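Observations on the three-dimensional arrangement
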Amino acid sequence: MSNVILKNVTKVYENKNKVIDNISIDIKDKEFIVLVGASGCGKSTLLRMIAGLEDISDGEIFIGDKKVNDVHPKDRDIAFVFQSYALYPHMTVRENIAFGLKMRKIDKATIEKKVQEAAEILDLGPYLDRKPKQLSGGQRQRVALGRAIVRNPKVFLMDEPLSNLDAKLRVQMRSEIKKLHEKLQTTFIYVTHDQTEALTMGDRIVVLDKGIIQQVDTPEEIYNNPANTFVAGFVGSPQMNFISCENIPFDCPNNSIVGIRPEKMINSGESLSDNLIKMTVNVEITELLGSEKIAYFNIGDSKCSAKLPSEFNLGKTLELSINPSDMYFFNADTGERIY
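Position numbers for residues start from 1 in each chain and track the written sequence from start to end. Reporting in this predicted model follows two pLDDT cut-offs: at least 70 for local features of residues, and 80 or more for side-chain atom pairs to be given and counted; totals over whole chains, interfaces and linings ignore these cut-offs and use all residues. To obtain the side-chain values, all non-hydrogen atoms of the structure were included, while hydrogens and water were left out.

This part takes up the pairing of strand S12 (residues 256-260). Type-normalised accessible area, obtained with a 1.4 Å probe on protein chains alone, sets the label of each residue: buried when under 20%, exposed when over 50%, and partly exposed for intermediate values. Numbering of helices and strands runs from the N terminus, with a helix taken as a DSSP run of H or I at least four residues long and a strand as a DSSP run of E at least two residues long. Extensive coverage of S12 is indicated by the burial of 4 of its 5 residues. Here, any two strands with at least 2 DSSP bridges between them count as paired. Direction of pairing for strand S11 (residues 241-244) relative to S12: antiparallel, over a ladder of 4 bridges. Bridged to Ser244 within S12 is Ile257. Examined bridge by bridge, S12 and strand S17 (residues 328-331) share 4 bridges and lie antiparallel to one another.

Structure follows, in structure tokens:
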């Protein structure tokens, strides 16, 4: 079993700075779970604690049925894929992939077999005798993945592995890592600040802010049923619009603010028109994004956006038509969702 359990895990540095605050997660065997949040939220620190590269101040970490608080990183049966690839420049691809096995004194025949298997999975066969400087960024990242694969670990830990790649390569590598997870059938814990990566890759997403878990759920639930304004604003591009109730012609719950996704600001007309909230706004700027265009405008003091089809005839004003069923309500003081 390669499940990972965190019980009340806390990390406090010597300067009293608490970066991980009483986190508990039960990561299932063979699950692909994504830790996502803004820079400085504690996601990489949490990953390094699972790996044993950071001490924990309090709590317990289990890998399988084994408590690993005091277990050395090399004995935790994990593989860590770093943001920087961490390849040896003087070694060939073959030597880089084989390095960890050689350090464990695995016999040459087994090493060669495992290297060839990893190279086949990752389409690295033609590059085995090249040095890292002769490879593209995507190829270097595949070498780093190959080095992890040959160890056949219980758990793969990945710390923003795609952040150094260009946009096109990131899209390609996202699908490759997802396919790799399906082939290997083991547990993946993946860290990113990119909410698109989180939504497209994770079986479940852990949204973190200031070392505290804000929500743990499937991508669909995170997007459609955010627990608070932080999750609602962090997940989705453009982010959810937050509007004061006094600026919406609707009877809102007491002490609440309204949240509306940009794609829901213009109703398609499928609902009865009598139910729609009509508002006219002045468009400040627009952005054309291929099949979509984004209109930006203000509602009261709130900066808002609407996501529209590219063929939408957009002038200097825009008539919004909002279905009340598409609105979210959040407590104005705490930010928590009002159901």
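And the narrative resumes.
What follows is about helix H3 (residues 108-121). Spacing of three or four residues puts side chains on the same side of an α-helix, whose turn is 3.6 residues. Here the expected span of a helix is defined as 1.5 Å times the quantity of residues minus one. Its 14 residues give H3 an end-to-end C-alpha distance of 20 Å, which sits within 8% of 20 Å, the value for a rise of 1.5 Å per residue. Looking only at H3, the buried set comprises Ile111, Val115, Ala118 and Ala119. Buried residues of H3, viewed axially, fall in a sector of 100 degrees; they line one side. Away from the buried face of H3 by more than 90 degrees, exposed residues Ala109, Lys113 and Glu120 are located. Contacts from the buried residues of H3 go to helix H2 (93-103) and helix H4 (137-149). Positioned one or two residues after H3, Asp123 has a phi angle of 55 degrees, which is positive. Directions pointing from the helix axis toward each C-beta atom define the arc. Two residues qualify as a contact provided that any one of their heavy atoms is within 4.5 Å of a heavy atom in the partner residue.

We now examine the packing of H2 against H4. Think of each axis as a best-fit line through the C-alpha atoms, taken over the contacting stretch in the case of a helix, with angles from 0 to 180 degrees between the N-to-C directions. Following both chains from N to C, one finds H2 and H4 inclined at 35 degrees, their axes separated by 7 Å at the closest point. For H2 against H4, the interelement crossing comes out right-handed. Between H2, through Val93, Asn96 and Ile97, and H4, the contact on the second element is made entirely by Val143, Gly146 and Arg147. Residue composition of the contact of H2 with H4, grouped by class: 3 nonpolar, 2 polar and 1 charged. Take the far helix as your reference; a near helix turned counterclockwise from it by less than a right angle gives a left-handed crossing, and one turned clockwise gives a right-handed crossing. Amino acids outside the nonpolar list (Ala, Val, Leu, Ile, Met, Phe, Trp, Tyr, Cys, Pro) and the charged list (Asp, Glu, Lys, Arg) are all regarded as polar, and Gly is one of them.

What follows is about the pattern of salt bridges. A side-chain nitrogen of Lys or Arg and a carboxyl oxygen of Asp or Glu constitute a salt bridge if their distance falls within 4 Å. Counted according to the given criterion, the structure contains 12 salt bridges. The partner of Lys67 in a salt bridge is Glu60, with the nearest N and O atoms 3.2 Å apart. Taking relative accessible area as the criterion, Lys67 reaches 42% and is therefore assigned partly exposed. Since its relative accessible area comes to 27%, Glu60 is described here as partly exposed. Of the charged contacts, one joins Arg94 and Asp129 as a salt bridge, the two residues approaching to 3.3 Å between their closest N and O atoms. Here Arg94, found in helix H2, pairs with Asp129, found in the loop between H3 and H4; they are 35 residues apart in sequence, far enough to count as distant. Judged by its relative accessible area of 59%, Asp129 falls in the exposed class. Salt bridges linked by common partners bring Lys11, Arg48 and Glu54 together as one network.

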